[in-house]
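Tertiary structure, described
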Amino acid sequence: MNKLKIPLIVANWKMHKNFQEATNFINFIKQNTKNLKDREIAICPAYVYLKPLSQITEHIKLGAQNLHWEQKGAFTGEVSADMLKDVGCHYVIIGHSERRQYFFETDDLINKKIKIALKFELFPIFCIGETLNQRQNNETFNVIENQLTEGLKNLTSNDVLKITIAYEPVWAIGTGQTATPQQAQEVHSFIRQILKKLYFDETVSQKIRILYGGSIKPDNIDSLMNMEDIDGGLVGGASIEENSFLRIINFK
Ligand code: PGA
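First, a word on what this report is: a plain description of the structure on this page. (Residues numbered from 1 in each chain as written. Predicted model: local features only at pLDDT ≥ 70, side-chain atom pairs only at ≥ 80, totals over all residues. Heavy atoms only, no water.)

1. Describing the site of the ligand
Residues in close proximity to the ligand total 13 residues, the closest being Lys14, His96, Glu168, Gly174 and Ser215. Glycine 174 is positioned with one of its backbone polar atoms (N or O) 2.7 Å from an oxygen atom of the ligand. Within the backbone of glycine 236, a nitrogen or oxygen atom sits 2.9 Å from an oxygen atom of the ligand. For the ligand, whose unbound accessible area comes to 280 Å², protein coverage reaches 97%. The residue makeup of the shell around the ligand, split by class, is four nonpolar, seven polar and two charged. (Near = heavy atom within 4 Å. Polar contact = N/O pair within 3.5 Å; in protein donor to acceptor, adjacent residues only side chain to side chain. Areas by Shrake-Rupley, 256 points an atom, 1.4 Å probe, with all protein chains shown as cover. Nonpolar A, V, L, I, M, F, W, Y, C, P; charged D, E, K, R; others polar.)

Shown next, in the form of structure tokens:
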């Protein structure tokens, strides 16, 4: 491994695992990654288990899968940035394609969520990515530029340095069809170009971590991580089983 930034491997459990399963998993990963100093691990369980799990995570960082864009108020069933900080979250996933698709999250809403997360010192994992249709119509770069520009609207370069971007082509999520390392690299490098354009600053574009996500598996993680601009992975399906996630963490 020859990476300038510490790589980050994130488990996005979505709506999986009860408390006992989550506890066993975290204990297993903890035991088996004690001596890993050159990479960072984060786990994003369901909201309801964040607090008790924060007591056992140790070197594993805890993240939430979502948050509300307002600080507080009459929003039945929602969870705020303040609450997430309070229960021990370090990261929060924002703008996941499942939230865009099933919960109608717009770029504007995602921008608000990023801002409130930063205000409460949570580190956003900001997801962007094109659908299959958009890729087939050669719209990938436009879509990515637009999602970045809108999602990061009115943020300073200091703010942006606290964000991790996750490029997740929608057609690769949960489908078993991963982007090839070259396809992912092409978009990651484009993301850095856009960041440079938006912030007139080489530092931001070089320092920011860009994760890849979409059907990461033990047998494709090594080739993805070998790409220059891929700084880690956001893992869904393959983060459910502990040996599979451990192998992904141990990418070579
Ligand atoms: P997947 O999900 O690894 O199951 O494709 C990735 C994600 O949704 O973040």
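2. Things to note about the sheet that holds strand β5 (residues 123-128)
Strand order in the closed barrel formed by eight strands is β1-β2-β3-β4-β5-β6-β7-β8, with parallel pairing between adjacent strands. Between one strand axis and the next, the sheet turns by 25° as a mean value, whatever way the strands run. Summarising the sheet, strand β6 (residues 164-167) and strand β7 (residues 209-213) pair through four bridges and their orientation is parallel. In the strand pairing of β7, isoleucine 165 is matched with isoleucine 210. Helix α7 (residues 140-151) contacts β5 and β6 of the sheet and is inclined by roughly 150° relative to β5. (Pairing = 2+ DSSP bridges. Helix = DSSP H or I, 4+ residues; strand = E, 2+ residues; numbered from the N terminus. Axes fitted to C-alpha atoms, helices over the stretch in contact; angles between N-to-C directions. Contact = heavy atoms within 4.5 Å.)

3. Focus: the side chain of glutamate 40
Structurally, the position occupied by glutamate 40 is in strand β2 (residues 40-44). There is a polar contact of 3.2 Å between the side chain of glutamate 40 and the side chain of lysine 61. Residues contacting glutamate 40, with those up to four places away along its chain left out, are Ile6, Pro7, Leu8, Ile9, Lys61, Tyr91 and Arg209.

4. Here's the deal with the environment of serine 244
With respect to the helices, strands and loops of the structure, serine 244 is situated in helix α12 (residues 242-249). Here the alpha-carbon distance between serine 244 and aspartate 219, two residues 25 residues apart in the chain, equals 9.5 Å. For serine 244, the residues in contact, after removing those within four places along its chain, are Pro218 and Ala238. A polar contact of 2.6 Å, which involves the side chain of serine 244, links it to the backbone oxygen of alanine 238.

These results come straight from atomic positions and should not be treated as a statement about function.
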